[in-house]
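Descriptive analysis of the structure
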Amino acid sequence: MRRRQFLTGLGAASLAGCSASVSLQTGSRPYWADFPPVLSRMDRVTRTVVGLRPYRPQGYRLDWETLGDKTVVHSYGHGGCGVTMSWGTAVVAADYASEAGHEDVAVLGCGVQGLTAALTLARRGHNVTIYAAELPPYTTSNIAGVLWMPTTYFDRRVATPEFLAWDRELIRKAWLGFIPYVNRPGYGVYWADHHSLGMQQRRDWTEGLPGGDDIYPELTRTTEVNLFGYAYQQRFKAMIIDPDYYLDAILQDAQLAGARIVQREFADLSEVMALPEQTIVNCTGLGAGALFGDEDIFPVRGQLTHLLPQEEINYSYVAPTENGVLYMFPRKTGIVLGGTSDYREWDRTPDPAEITRMVEGHAELAGRLRI
Ligand SMILES: Cc1cc2nc3c(=O)[nH]c(=O)nc-3n(C[C@H](O)[C@H](O)[C@H](O)COP(=O)(O)OP(=O)(O)OC[C@H]3O[C@@H](n4cnc5c(N)ncnc54)[C@H](O)[C@@H]3O)c2cc1C
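Each chain has its residues counted from 1, running along the sequence as written. Thresholds applied to this predicted model are a pLDDT of at least 70 for local features of residues and 80 or more for the giving and counting of side-chain atom pairs; totals over whole chains, interfaces and linings are not thresholded and use all residues. To obtain the side-chain values, all non-hydrogen atoms of the structure were used and water was disregarded.

What to know about helix α5 (residues 161–178)
In a regular helix each residue adds 1.5 Å, so 18 residues correspond to 26 Å; α5 covers 26 Å between its end C-alpha atoms and thus fits that length. Exposed residues in this analysis have more than 50% of their type's maximum accessible area, buried residues have under 20%, and partly exposed residues fall in between, with area computed by a 1.4 Å probe over protein chains only. To qualify as a helix, a DSSP run of H or I must reach at least 4 residues; to qualify as a strand, a run of E must reach at least 2; elements of each kind are numbered from the N terminus. Regarding α5, the residues found buried are F163, D167, L170, I171, A174, W175, G177 and F178. When α5 is viewed along its axis, its buried side chains cluster within an angular range of 145 degrees and face the same direction. Among the exposed residues of α5, those pointing more than 90 degrees away from its buried face are P161, E162, E169 and L176. Any two residues having at least one pair of non-hydrogen atoms within 4.5 Å are treated as being in contact. Tucked inside the fold, the buried residues of α5 contact β2 (61–67), α2 (86–99), β6 (189–198), β8 (232–241) and α7 (243–256). Multiplying 1.5 Å by the residue count of a helix minus one yields the expected span of that helix. Comment: arc refers to directions from the helix axis out to C-beta atoms.

What about the packing of aromatic side chains?
Centres within 6.5 Å make a pair out of two Phe, Tyr or Trp rings, where for Trp the six-membered ring is used; the pair is then stacked when the planes are under 30 degrees apart, edge-to-face when over 60, and tilted otherwise. For the structure shown, the criterion picks out 21 aromatic pairs. When the ring of F178 is compared with that of Y181, the centres are 6.5 Å apart and the planes differ by 70 degrees; the resulting orientation is edge-to-face. Residue classification places F178 among the buried positions, given a relative accessible area of 0%. Between Y216 and F236, the aromatic rings sit 5.0 Å apart at their centres with planes inclined by 75 degrees, giving edge-to-face as the arrangement.

Re the environment of D69
Its place among the elements puts D69 in the loop between β2 and β3 (70–76). Sequence separation of D69 and T279 is 210 residues, and the distance between their C-alpha atoms is 9.1 Å.

Topic: the domain arrangement of the protein
Taken domain by domain, the protein holds domain 1 (3–52 + 189–241 + 300–367) and domain 2 (57–174 + 243–296). Taking only C-alpha atoms, the centre of domain 1 and the centre of domain 2 are 30 Å apart. Across the contact, 27 residues belong to domain 1 and 20 residues belong to domain 2. Buried area is a sum: the accessible area each of two parts loses on coming together, probed at 1.4 Å, counted once for each and added. Interface area, domain 1 with domain 2, both sides summed: about 2,100 Å², of which 65% is carbon and sulfur. By salt bridge we mean one thing: a side-chain nitrogen of Lys or Arg within 4 Å of a carboxyl oxygen of Asp or Glu. For the pair domain 1 and domain 2, the number of links is two salt bridges. D244 is paired through a salt bridge with R47; the nearest N and O atoms lie 3.7 Å apart. Domain borders in the structure are assigned automatically or taken from a domain database.

Here we look at the site of the ligand
We define proximity as follows: a residue is near a molecule or strand when any one of its heavy atoms falls within 4 Å of that partner. Taken together, 38 residues are adjacent to the ligand, and G79, G82, T84, E134 and S141 come closest. V112 places a polar main-chain atom, nitrogen or oxygen, 3.3 Å from an oxygen atom of the ligand. The side chain of S141 places a nitrogen or oxygen atom 2.5 Å from an oxygen atom of the ligand. With residues, only the protein chains shown are counted as cover, and all accessible areas are computed by Shrake-Rupley using a 1.4 Å probe. For the ligand, the protein covers 94% of the area, taking 1,000 Å² as the surface of the free molecule. Looking at which element gives the most residues to the shell around the ligand, the answer is strand β1 (residues 45–55), with four residues. Partitioning the shell around the ligand into residue classes produces 17 nonpolar, 17 polar and four charged. Counting contributing residues, the shell around the ligand receives three or more from each of domain 1 (3–52 + 189–241 + 300–367) and domain 2 (57–174 + 243–296). Polar contact is the term for a pair of N or O atoms within 3.5 Å; when the atoms are in protein, one must be able to donate a hydrogen and the other to accept it, and sequence-neighboring residues count only if both atoms are side-chain atoms. Charged means Asp, Glu, Lys or Arg here, nonpolar means Ala, Val, Leu, Ile, Met, Phe, Trp, Tyr, Cys or Pro, and polar covers whatever is left, Gly included.

As for the packing of helix α3 (residues 112–123) against α7
The geometry of α3 relative to α7 is characterised by a closest axis approach of 9 Å and an angle of 30 degrees between their N-to-C directions. In terms of orientation, α3 and α7 fall into the roughly parallel class. Both α3 and α7 take part in a crossing whose hand is left-handed. Counting all contacts with α3, which are made through V112, L115, T116, L119, A122 and R123, the residues of α7 involved are Y246, L247, I250, L251, D253 and A254. Here the residues of the contact of α3 with α7 sort into nine nonpolar, one polar and two charged. Every axis corresponds to a line fitted to the C-alpha atoms, with the helix fit spanning only the stretch in contact, and the corresponding angles, defined between N-to-C directions, vary from 0 to 180 degrees. Relative orientations are named as follows: roughly parallel for angles under 35 degrees, roughly antiparallel for angles over 145 degrees, roughly perpendicular for angles from 65 to 115 degrees, and oblique for any other angle. In a left-handed crossing the near helix is turned counterclockwise from the far helix by less than a right angle, and in a right-handed crossing that turn is clockwise.

Below is the structure:
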């Protein structure tokens, strides 16, 4: 099919009803013409996983309080960006814990927040014990995508200006914290050529991306020659993190630095208060709701379908479609397809209709690469 015919078809069929305007410079070959298509087919599906993002409309909780004779530091409720924010929020949590002045520290939770806090504290010389019901590879952090991108973790109508200002600082800190891990053997962190696509102009198009445009290398904003023919595109280098590799690696780092791990579930706060440590860092994610009586936190269910790996793919995208959002992150171990966010949904059973939507939706997008 010739390029112009393809684009006519695209405008008429795939983007019908939206205000997308598509144009290509005559005679120029789009940079994406050589992108290998994702082979999105049911017979290439290796697994489908469901996780519950720990969401708080006002944003994550990052503070400390005195409970009885203990200092309890909280770092939980990171919604869809707990991995992204880990080197920001968990390090602040570790700072609060150090300031409490005790050598022995209990860290509750062995997801990305708990592990990052534990590693930071152990490297500072604290005696750290991680207590957690679930360890990698069975935490929510293992299920995550992961694109390093600070989005979907608060409701702009509810978050305070103070939270937003502080969050901006922490985003930058978190970004810097991840940089040393890129391409480091065994950590599963890589750069990808990321595309944030839109049918309409998004707020971050004019206001800048979260944390500031300068932390998105090679950022371009274009309204022409965009991937899949979208009207708006922000393209930049973004970190893709394979959490199965990454969590194992930082867990090992934490252990090498001296952290101990105790697998146990706390039924209620009284069991936490019975711990021998006087300083406690609470990184229990969604579990914090029941354990610490936080009624603001709730799950945002997400389902991901993994395909066989395609080593030749090093681009990624988030694309709104008429049938909902679709995103694709390439890991060395497989291609991750995602795009669901079900608010206040606790059911972790994979939805077959959603698998079909993803596999067919990504196949349709891949088909648009043919010019
Ligand atoms: C489908 C999906 C896609 C995602 N994609 C991304 C992404 O692209 N980028 C990104 O940054 N983030 C992403 N996330 C979000 C990310 O997974 C979470 O924000 C992050 O995992 C939260 O980390 P955490 O350490 O706070 O919680 P968890 O990983 O849930 O860890 C909580 C720990 O606390 C323990 N715990 C809880 N309650 C108790 C208790 N009562 N007693 C003892 N232990 C307890 C648990 O066992 C576990 O060890 C995604 C999430 C999902 C579901």
